[in-house]
Amino acid sequence: MDYNKLGMFIHWGIFAMTEHHEQALARADMSFDVYDEFPKSFNPKKYNPEKWVKFAKKCGMKYICFTTKHHDGFCMWDTKETDYNIMNTPFKKDALKMLADACKKHGMKLSLYYSNPDWHHENAYNEKASHQWKSRYPERADSVKYREFIKRQITELLTNYGEIYTLFWDISPEMIDKSINQLCRKLQPNILINNRGYDDGDFDTPERDVPEGERFRKMTEACESVGEQAWGYRKNEDYMSIRYLKCSIDKVMAMGGSYLLNVGPKVDGTFPKQAINSLRAVGDWYNRMNGALEEHEKSDFEFEFLFKNPCIVTQKNGKKYFHFYNGLRSNAVNLIKYPSVPKKAVFLNSGKEVGIRYETLPMHTNEDFIAVDPVVSFIDIPCNDYPDEPMVLEVEF
Ligand code: GLC
């Protein structure tokens, strides 16, 4: 299946005008009077989706997931279903169409984020679900009418913007209505759908930190943002360390998942400088991994280390990949269980071959010195040259 990639998540909408949070309307308890002024001056003159796409590509990303409508209900495309959309701003252009065209031109896959909570639609209030804080008319809640509206909007989104790779529903409505994803699949037969919609969908969506575990059994796409406080643009954002981002991506992707790394563009349509720095650094590392994180399988051999070091082993095209997602503790990796004596080992961080040693090592125990069976070691690994990186060894046995 066409899955297991790095993607760029983009949270952009009129909420960027708050310079605070994509949910600022609720979280900063803004008045509707103030928020409703935003569309009147939304005019992102520097919005250049081709730049976004080219940059994402440079960072090794294979798809972009864009917020078509976040909880505030404002639509970033030319929808016929509500006036609360980007055509009714001074910008007057379909931002999604522009992005879709840029993606198509540069061979980037396009995914769509769509929020179930909608603080603008009069029938959207859903007492079963979370994130309903700013619903304008809780007393007019009408799930049947709202779902009809969603279906009409989704039909626009899945009809007018070319091939859509994945659909990211946000905030589970806590109710089942299989007809909604069925409609999506009818309109886009190859689409992959997440688990935050009206049924289980195709893939899980752990958010922010993902603990290490077994290889994911269900298709999984983790998401994380370069900023710690918000997904949309925040002026006083705190930025994740580059080491944390790389380690998190390596771990999740070695477990077989995809990874959406988010950026919240500013109101003018440009990425914040610090976000660019983070993405660039991640991309530089990711590209050196040479595709090892994508479309691999779980290793079919057992390995045991002489010294424990968190590691996930995968395989692809006859090679094994040792993902030390927290980095290495020394400049050697010693194996006491392995399929055969390795022929070649490359340290992907540097792209260079490392030495292989095969010998019986003396091992100190409390009682005495004992000899252990021949140990296979990858040696002289220049780990100190990459202090902020997870480390990956590519080995041919
Ligand atoms: C959470 C947040 C939402 C954000 C999403 C991204 O659901 O509430 O604002 O868009 O995470 O996964």
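Scroll up to find the structure this text is about.
A. Looking closely at the overall build of the protein. Per the secondary structure count, the protein includes nine helices and 19 strands. A compact globule built from 397 residues should have a C-alpha radius of gyration of about 21 Å, and the protein, at 24 Å, falls within 12% of that. Projecting the C-alpha coordinates of the protein onto the three principal axes gives extents of approximately 80 × 40 × 40 Å. Buried residues in the protein amount to 57% of all 397 residues. Taking contacts inside the protein between residues at least 6 apart in sequence as the whole, the part at least 24 apart equals 68%. If you sum the accessible surface of the protein, you get close to 17600 Å²; carbon and sulfur atoms cover 47% of it.

B. Broad picture of the site of the ligand. Taken together, 15 residues sit near the ligand, with His 11, Glu 22, Gln 23, His 70 and Glu 207 positioned nearest. Take Arg 196: an N or O atom from its side chain is 3.2 Å from an oxygen atom of the ligand. Relative to its free-state accessible area of 300 Å², the ligand is covered by the protein chains to the extent of 94%. For the shell around the ligand, the per-class residue count stands at six nonpolar, five polar and four charged.

C. How the structure looks around the pattern of salt bridges. Taken as a whole and assessed by the stated rule, the structure comprises 26 salt bridges. For Arg 288, the salt bridge is made with Asp 284, and the minimal N-O distance between the two is 2.8 Å. Taken together, the positions of Arg 288 and Asp 284, both in helix α9 (residues 273-288) and four residues apart, correspond to about one turn of that helix. Residue class for Arg 288 comes out partly exposed when judged on its relative accessible area of 23%. The structure contains a network of salt bridges with shared partners spanning Lys 246, Asp 284, Arg 288, Asp 388 and Glu 389.

D. Structural detail: the nonpolar core. With 84 residues, the main nonpolar core has Met 8, Trp 12, Ile 249 and Leu 279 as its most contacted residues. Looking at this core, the element that brings in the most residues is helix α5 (residues 95-105), giving six residues. If we skip the residues at most four places from it in the chain, Trp 12 touches Phe 42, Pro 44, Tyr 47, Trp 52, Phe 66, Thr 67, Met 76, Ala 95, Pro 265, Lys 266, Val 267 and Gly 269. Among the nonpolar cores identified, the runner-up in size contains 22 residues, and Phe 322, Val 333, Cys 383 and Tyr 386 belong to it.

E. Spatial organisation of the sheet that holds strand β8 (residues 297-298). Strand order across the open sheet formed by six strands is β8-β10-β11-β19-β13-β14, with antiparallel pairing between neighbours. The outermost strands of the open sheet, each flanked by one partner alone, are β8 and β14 (352-353). Note: strand β13 (residues 344-347) against β14, two bridges, orientation antiparallel. Considered in β14, the bridge of Val 346 is made with Glu 353.

F. Geometry of the packing of aromatic side chains. Applying the stated criterion across every chain yields a total of 26 aromatic pairs. Between Trp 12 and Trp 52 the ring centres are 5.4 Å apart and the planes differ by 80 degrees, which places this aromatic pair in the edge-to-face class. Of this pair, Trp 12 sits in the loop between β1 (6-10) and α1 (24-27) while Trp 52 sits in helix α4 (residues 49-58); the two residues are 40 residues apart in sequence, bridging distant segments of the chain. This pair shows no difference in class: Trp 12 is buried, exactly as Trp 52 is. Both rings, one in Trp 169 and one in Tyr 198, keep their centres 6.2 Å apart while their planes meet at 85 degrees; by these two values the pair is edge-to-face. Linking Trp 169 in strand β4 (residues 166-170) with Tyr 198 in the loop between β5 (192-193) and β6 (221-225), this pair joins segments that are 29 residues apart in sequence. Like Tyr 198, Trp 169 is buried. Clustering of aromatic rings is evident, with ring pairs tying together Trp 12, Phe 42, Tyr 47, Trp 52, Phe 55, Phe 66, Phe 91 and Phe 271. Just above the ring of Phe 32 sits the side chain of Lys 134; from NZ or CZ to the centre is 5.1 Å. Above the face of the Trp 231 ring, Arg 208 is positioned so that its terminal group lies 4.6 Å from the ring centre.

G. The arrangement of α5 in detail. Taken together, the buried positions of α5 are Ala 95, Leu 96, Leu 99, Ala 100, Ala 102 and Cys 103. One side of α5 carries all its buried residues, which in axial view fall inside an arc of 165 degrees. Those residues of α5 that are exposed and aimed more than 90 degrees away from the buried face are Lys 104 and Lys 105. Where α5 starts, the residue carrying a side-chain oxygen 3.1 Å from the main-chain nitrogen of Leu 96 turns out to be Asp 94. One or two positions beyond α5, positive phi appears at Gly 107, with a value near 65 degrees.

The rules behind the values
Residues numbered from 1 in each chain as written. Predicted model: local features only at pLDDT ≥ 70, side-chain atom pairs only at ≥ 80, totals over all residues. Heavy atoms only, no water. Helix = DSSP H or I, 4+ residues; strand = E, 2+ residues; numbered from the N terminus. Rg over C-alpha atoms; globule rule 2.2 N^0.38 Å. Buried < 20%, exposed > 50% of the residue type's maximum accessible area, 1.4 Å probe, protein only. Contact = heavy atoms within 4.5 Å. Areas by Shrake-Rupley, 256 points an atom, 1.4 Å probe, with all protein chains shown as cover. Near = heavy atom within 4 Å. Polar contact = N/O pair within 3.5 Å; in protein donor to acceptor, adjacent residues only side chain to side chain. Nonpolar A, V, L, I, M, F, W, Y, C, P; charged D, E, K, R; others polar. Salt bridge = Lys/Arg side-chain N within 4 Å of Asp/Glu carboxyl O. Core = buried A, V, L, I, M, F, W, Y, C linked by side-chain atoms within 4.5 Å. Pairing = 2+ DSSP bridges. Phe/Tyr/Trp six-rings, centres within 6.5 Å; stacked < 30°, edge-to-face > 60°. Lys NZ or Arg CZ within 6 Å of the ring centre and 35° of its normal. Arc of directions from axis to C-beta.

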